[in-house]
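# Structural overview
Here's the letter readout for the chains.
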Amino acid sequence: MDPTAWQLWLIAAIVLGAMEIKLSGFVTLWFAVGALMSALIAGAGVGLDGQLAMFTLVSTALFAASRTIFKHVFMRDAVHLKTGIEAMLGQEAVVMEALSDPHGGTVRINGELWMARSLSGPLPEGERVTVEQIEGLKLWVRRPSASHEVSLPQPRRKKKETVGWD
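Keep in mind that what you see is a predicted model, and the values were worked out from it rather than measured.

Turning our attention to the sheet that holds strand β4 (residues 128-135). With respect to topology, five strands assemble into a closed barrel ordered β1-β2-β3-β5-β4, the strand pairing being mixed. The sheet shows a mean angle of 50 degrees between the axes of neighbouring strands, direction not considered. Where strand β2 (residues 104-109) meets strand β3 (residues 112-118), five bridges bridge the pair, whose relative direction is antiparallel. Residue pairing across strands places T106 opposite M115, the latter belonging to β3.

For helix α2 (residues 28-43), built from 16 residues, the straight-helix expectation of 22 Å at 1.5 Å per residue is met to within 8% by its first-to-last C-alpha distance of 22 Å. When we look at burial in α2, the residues that qualify are T28, W30, A32, G34, A35, S38, A39, I41 and A42. Looking at the buried residues of α2, the elements they touch are α1 (5-22) and α3 (48-73). Of the residues one or two after α2, G45 is the one with positive phi, at around 100 degrees.

Residues L8, I11, V15, M19 and L23 make up a contiguous nonpolar surface patch of about 450 Å² in total accessible area. Relative to the elements of secondary structure, V15 occurs in helix α1. Overall, V15 belongs to the partly exposed group, its relative accessible area being 43%.

Attention now moves to the pairing of strand β5 (residues 138-142). Residues in a regular strand point their side chains to alternate faces of the sheet. Both β3 and β5 contribute to a ladder of four bridges, which runs parallel. If you follow M115 over to β5, its bridge partner there is K138. Where β4 lies against β5, five bridges are found, and the strand directions are antiparallel. Residue pairing in the sheet places I134 in a bridge with L139 of β5. What sits between the antiparallel neighbours β4 and β5 is a turn of two residues, in which G136 has the positive phi angle 65 degrees.

Cut-offs applied
Residues numbered from 1 in each chain as written. Predicted model: local features only at pLDDT ≥ 70, side-chain atom pairs only at ≥ 80, totals over all residues. Heavy atoms only, no water. Pairing = 2+ DSSP bridges. Helix = DSSP H or I, 4+ residues; strand = E, 2+ residues; numbered from the N terminus. Axes fitted to C-alpha atoms, helices over the stretch in contact; angles between N-to-C directions. Expected span 1.5 Å × (residues − 1). Buried < 20%, exposed > 50% of the residue type's maximum accessible area, 1.4 Å probe, protein only. Contact = heavy atoms within 4.5 Å. Patch = residues over 30% accessible without salt bridge, like charges linked within 9 Å, V, L, I, M, F, W, Y side chains within 5 Å. Areas by Shrake-Rupley, 256 points an atom, 1.4 Å probe, with all protein chains shown as cover. Salt bridge = Lys/Arg side-chain N within 4 Å of Asp/Glu carboxyl O.

Right under this line is the structure:
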């Protein structure tokens, strides 16, 4: 018994689907779907040119749209993870070398020393600052806002009176 065109396309779809399971990345999946669509139209009686056109069209369209499909379907609730210098924005640093107006100084952030310039005037050594922006390899910092600097006084404990036998 000779296989018909739709059976050959179906075998191709199964082989490509099996390859997708064994390989990493979504590459052969789209060709398997294209072969499956070609099998469907071959079964409907469309000629070889139409089958090849369907395979090419479906496979190419799905391959080109795969990033968009996965981004919108599977990653719609994903949170953007900030890394590198993007993660430093808004973080707290400690002034290691006083920041003066014309030249700047050095701050320590995440265990690393960075050149820095102040957006809020001169800053002495040891002061805590917030990273506002990054320009090349230089951080622009400023004093934290007053709402971050407020600390509540700790209540004083009374000394315990000793009652005993003298």
